[in-house]
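# Close look at the chain arrangement
Spelled out from the first residue to the last, the chains are:
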Amino acid sequence: MTELDITGLFAALDIVVMEHIGDGSIQVIGTIPDWFRQLYPNVDMEIGRLRLEEEFSFLELFLNEAEDFWMKNETGRLTSEVWTETDSSGNECTLEALAVCFRGKNILLIESLGASFKERHAFFQKAKETLLDKEVLEQMVAERTVKLRNTMEDLRKALDAIVHVLALTVEVRDPYTAGHQRRVANLARTIAEEMGLLEEVAESIYMGGVIHDLGKIAVPAELLSKPSRLSDNEFNLIKDHPQVGYNILKNIEFPWDIARMVLQHHEKMDGSGYPQGLSGEDIFLEARILTIADIVEAMASHRPYRPALGIEKALGEITQNRGVFYDPDVVDACVKLFSEKGYKLEHRFSQDATSSERYAGCRFARFSLQTIK
Amino acid sequence: MIRKKICMVGAFAVGKTSLVTRFVQSIFSDKYLTTVGVRIDKKSIKLGDRDVNLILWDLAGDDSFNKVRMSYLRGASGYLLVVDGTRPITLDTAIGLQKSIDEFLGKGLPFVLLLNKTDMTNEWKLEEEAIGELLEKRWIMMKTCAKTGEGVEKAFLTLTRMMLGGGGEEVNGND
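Residues numbered from 1 in each chain as written. Chains lettered and ligands numbered in written order. Predicted model: local features only at pLDDT ≥ 70, side-chain atom pairs only at ≥ 80, totals over all residues. Heavy atoms only, no water.

## Here we look at the overall build of chain A
- Across its full length, chain A holds 16 helices and seven strands.
- In chain A, buried positions account for 48% of the 373 residues.
- Contacts spanning at least 24 positions in sequence make up 60% of the contacts within chain A whose residues lie at least 6 apart.
- For chain A, the exposed surface amounts to about 18,700 Å²; the carbon and sulfur share of it is 52%. (Helix = DSSP H or I, 4+ residues; strand = E, 2+ residues; numbered from the N terminus. Buried < 20%, exposed > 50% of the residue type's maximum accessible area, 1.4 Å probe, protein only. Contact = heavy atoms within 4.5 Å. Areas by Shrake-Rupley, 256 points an atom, 1.4 Å probe, with all protein chains shown as cover.)

## Some points on the overall build of chain B
- Looking only at helices and strands, one finds four helices and six strands in chain B.
- From first element to last, N terminus to C terminus, chain B shows the α and β order β-α-β-β-β-α-β-α-β-α.
- Expressed as a percentage of its 175 residues, the buried residues of chain B come to 57%.
- When the accessible surface of chain B is split by element, carbon and sulfur atoms take 48% of a total near 7,800 Å².

## A look at the pattern of salt bridges
- Inspection of the entire model under this criterion finds 23 salt bridges over all chains.
- Where Arg3(B) meets Glu55(A), a salt bridge forms, and the shortest distance between an N and an O atom there is 3.8 Å. Of this pair, Arg3(B) sits in strand S1 (residues 2–10) while Glu55(A) is found in the loop between strand S3 (49–51) and helix H3 (57–71), placing the two residues in two different chains.
- For Glu55(A), a relative accessible area of 15% puts it in the buried group.
- Among the charged side chains, a salt-bridge network with shared partners connects Glu135(A), Asp84(B), Arg87(B) and Lys117(B). (Salt bridge = Lys/Arg side-chain N within 4 Å of Asp/Glu carboxyl O.)

## Observations regarding a negative patch on the surface
Residues and elements named next belong to chain B.
- A grouping of Asp92, Glu127, Glu129, Glu133 and Glu136 is seen on the molecular surface, where their side chains present a negatively charged patch.
- With three residues, helix H3 (residues 128–136) is the largest single contributor of residues to the negative patch.
- Residue classification places glutamate 136 among the exposed positions, given a relative accessible area of 69%. (Patch = residues over 30% accessible without salt bridge, like charges linked within 9 Å, V, L, I, M, F, W, Y side chains within 5 Å. Lys, Arg positive; Asp, Glu negative; His and termini not counted. Charge placed at Lys NZ, Arg CZ, Asp CG, Glu CD.)

## A short note on the packing of helix H6 (residues 199–210) of chain A against helix H11 (residues 285–300) of chain A
All names here are of chain A.
- Here H6 crosses H11 at 55°, and the two axes come no closer than 10 Å. Classified by the interaxial angle, the pair formed by H6 and H11 is oblique. Seen along the crossing, H6 lies across H11 with a hand that is right-handed. Residue-level contacts link Val201, Ser204, Ile205, Gly208 and Gly209 of H6 to Glu286, Ile289 and Leu290 of H11.
- Broken down by class, the residue content of the contact of H6 with H11 amounts to four nonpolar, three polar and one charged. (Axes fitted to C-alpha atoms, helices over the stretch in contact; angles between N-to-C directions. Parallel < 35°, antiparallel > 145°, perpendicular 65-115°, else oblique. Left-handed = near helix turned anticlockwise from the far one by under 90°. Nonpolar A, V, L, I, M, F, W, Y, C, P; charged D, E, K, R; others polar.)

## Thoughts on the environment of Thr35(B)
- Within the secondary structure, Thr35(B) is located in the loop between helix H1 (16–25) and strand S2 (38–47).
- Measuring from C-alpha to C-alpha, the distance between Thr35(B) and Gly61(B) comes to 7.3 Å, with 26 residues separating the pair along the chain.
- Each residue touching Thr35(B), except ones within four places of it in the same chain, is listed here: Lys128(A), Thr17(B), Asp58(B) and Ala60(B).
- At 2.7 Å, the side chain of Thr35(B) and the side chain of Thr17(B) are in polar contact. (Polar contact = N/O pair within 3.5 Å; in protein donor to acceptor, adjacent residues only side chain to side chain.)

## Points about the pairing of strand S2 (residues 25–29) of chain A
All names here are of chain A.
- Within S2, four of the five residues are buried, which leaves it mostly tucked inside the rest of the structure.
- As judged from the five bridges shared by strand S1 (residues 15–22) and S2, these two strands associate in the antiparallel manner. Its bridge partner being in S2, histidine 20 is matched across the sheet by isoleucine 26.
- Hairpin connection from S1 to S2: two residues lie between these consecutive antiparallel strands, with aspartate 23 at a positive phi of about 60°. (Pairing = 2+ DSSP bridges.)

## Quick look at the interface of chain A and chain B
- Listed by partner, the interface residues are 25 residues for chain A and 31 residues for chain B.
- For the chain A and chain B pair, buried surface summed over both sides reaches about 2,600 Å², with 52% attributable to carbon and sulfur atoms.
- Together, Leu61(A), Glu81(A) and Lys128(A) form the three largest contributors to the area buried by chain A at its contact with chain B, with a combined 24%.
- Between chain A and chain B we count seven salt bridges in total.
- Summed over the shared surface of chain A and chain B, the result is 13 residue pairs in polar contact (both at pLDDT 80 or more).
- When residues of the side of chain A that touches chain B are traced back to their parent elements, those giving at least two are H3, strand S5 (83–86) and helix H4 (116–173) of chain A.
- At 12 residues, the largest contribution of residues to the side of chain A that touches chain B is made by H4(A).
- As judged from the three bridges shared by S5(A) and S2(B), these two strands associate in the parallel manner. The partner of Thr84(A) across the bridge, within S2(B), is Arg39(B). (Buried area = accessible area lost by both parts, 1.4 Å probe.)

## A short note on the pairing of strand S4 (residues 78–84) of chain B
All names here are of chain B.
- By the criterion of burial, S4 is predominantly enclosed, with seven of the seven residues buried.
- Both faces of S4 are covered, namely the face carrying Gly78, Leu80, Val82 and Asp84 and the face carrying Tyr79, Leu81 and Val83.
- Bridge count for S1 against S4 is five bridges, and the pairing is parallel. Within S4, the position partnered with glycine 10 by the bridge is valine 82.
- Handedness of the crossover joining S4 and strand S5 (residues 111–116) through helix H2 (residues 88–105) is recorded here as right-handed. (Right-handed = clockwise from strand over helix to strand, strands pointing away.)

## Focus on H3(A)
Residue and element names in this part refer to chain A.
- Between the first and last C-alpha of H3 there are 22 Å, a value that for 15 residues agrees with the 21 Å anticipated at 1.5 Å per step.
- Listed in full, the buried residues belonging to H3 are Ser57, Phe58, Leu59, Leu61, Phe62, Leu63, Ala66, Phe69 and Trp70.
- Two residues or fewer past H3, asparagine 73 is found with a positive phi of approximately 55°. (Expected span 1.5 Å × (residues − 1).)

## Some remarks on the nonpolar core
- The biggest cluster of nonpolar side chains holds 58 residues, and the ones touching the most others in it are Phe36(A), Trp83(A), Trp57(B) and Leu113(B).
- The element that contributes the greatest number of residues to this core is H3(A), accounting for eight residues.
- The residues contacting Trp57(B), other than those within four sequence positions of it, are Ser57(A), Phe58(A), Leu61(A), Lys5(B), Ile6(B), Cys7(B), Met8(B), Val38(B), Arg39(B), Ile40(B) and Tyr72(B).
- Listed in part, the 51 residues of the second largest apolar core include Val170(A), Phe254(A), Ile258(A) and Leu315(A). (Core = buried A, V, L, I, M, F, W, Y, C linked by side-chain atoms within 4.5 Å.)

## With respect to a nonpolar patch on the surface
- There is a patch of nonpolar side chains on the surface, built from Val136(A), Leu137(A) and Met140(A) and spanning about 250 Å² of accessible area.
- Structurally, the position occupied by Val136(A) is in helix H4.

## Brief notes about the confidence of the model for chain A
- Overall, the prediction assigns chain A a mean pLDDT of 85, with 90% of residues at 70 or greater.
- A low-confidence stretch, residues 349–373 of chain A stays under pLDDT 50, and its non-local contacts, those more than four residues away or across chains, total 79 contacts. (pLDDT = per-residue confidence, 0-100.)

## Digging into unusual backbone geometry
- Cis peptide bonds are those with omega within 30 degrees of zero, and the linkage from Tyr274(A) to Pro275(A) qualifies with 5°.
- With respect to the helices and strands, Pro275(A) occurs in the loop between helix H10 (258–264) and H11.
- Phi is positive for Lys117(B), close to 80°, though the residue is something other than glycine.
- Within the fold, Lys117(B) resides in the loop between S5 and H3.

Below, the structure written as structure tokens:
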């Protein structure tokens, strides 16, 4: 194909052809299309040789990359990104430049994309609109998640408040239950964590522990503080406290089954517990954990009718009846906490409480002891 | 006549093209039209007794498909970093781009951060803390609206003044 043929071909294709001379100059080859003249009306195109600077700000930048490309004498071609400029008539013109080596000459081609660009633009337009929709959705989800989290947090705080108010209701009548319920709650949660239960489950057990003696509200106050041994009738009255607690809690929609924990925290694995005489895995795991925490705390603490027996005796009791009264896994976790991990019950009675408080104790805990004796 | 190249930089769909169109042609369209590659516009302004020919490079927005080509900032005398006030993520993008530009060209290239779309300030979600941090870094910030034209001319003039060696600090807090 002759040189004339090539320039004719590019003229037919409406493409500007330039040869890079060096020194930032280019020589226009063949015909210059009208659209190119209108884009750069301040440039005298008749001289044939141009410097790609100032008016040609995009080409000036592309020429830097093209010069590297030509210098490496690479095969193939280097294509610019598309760029859009406005011509002297106010029409937008989208262009693309291409650098190639052809027969030892460094050639720069500039094409006005015209209608062919519309399809490409439509693709990008769709992609960007999709991205924007996605971003809006993500932002909406993020905002709602924050709102939901805040609402959950508020609910959680309200729930905590309710549970603590319920606990307070009992503690006002029997102040020594306060320390007991809190210590049982802490120990039960730690046992649950030691057993590898989910944090949320451990938290629910804590909540159950804080109000596990709620049913004592139905027990006459004089029984709660009676320092001597209880009669069978009195004992039966106190044995109702899990059921009473359950009845109070069963209609409250806690996120966890606290009512069932409270109902079953005096059940024993061999069925000898109360109030339902459940056995084995029919007893809620959370309740089995509460049972251990309750027994250990009760034995280790002062009671109206006896001084504290100490943690060694308490651990001895659960170990001796491991698998009989008590869930073996729970016993193992509890013993490990005290014997290997240095867990200590927080006893404020010994330092802070008055002597009468030391002996008021928790009646229900007394019955835990009576049951195991 | 002085020639100065200004680049428009920011996340996609923050209004870079609309700001240029408002500045150059005093028009606005509600329809979002994405920029592919680069749009180059020109505008001559008079600043004091100086005539300045501004070459405005409107770079396609930064997103997961398209990263801003730092090489396009070569030869620029300054840039406008555009943020959509209703989309907090665009502020993060702007901060990231500013850092990249500093790394690519070295610190010191004048820029102004534009908090765009003031016609929708009731939907703005930018965190005051984040804005406060940038003010502490002495970033020049202006509120703009391509739709109403609010602050647009002032933004370009402020940057031009900075590019010519004047300060832009007096702008903060006035818009």
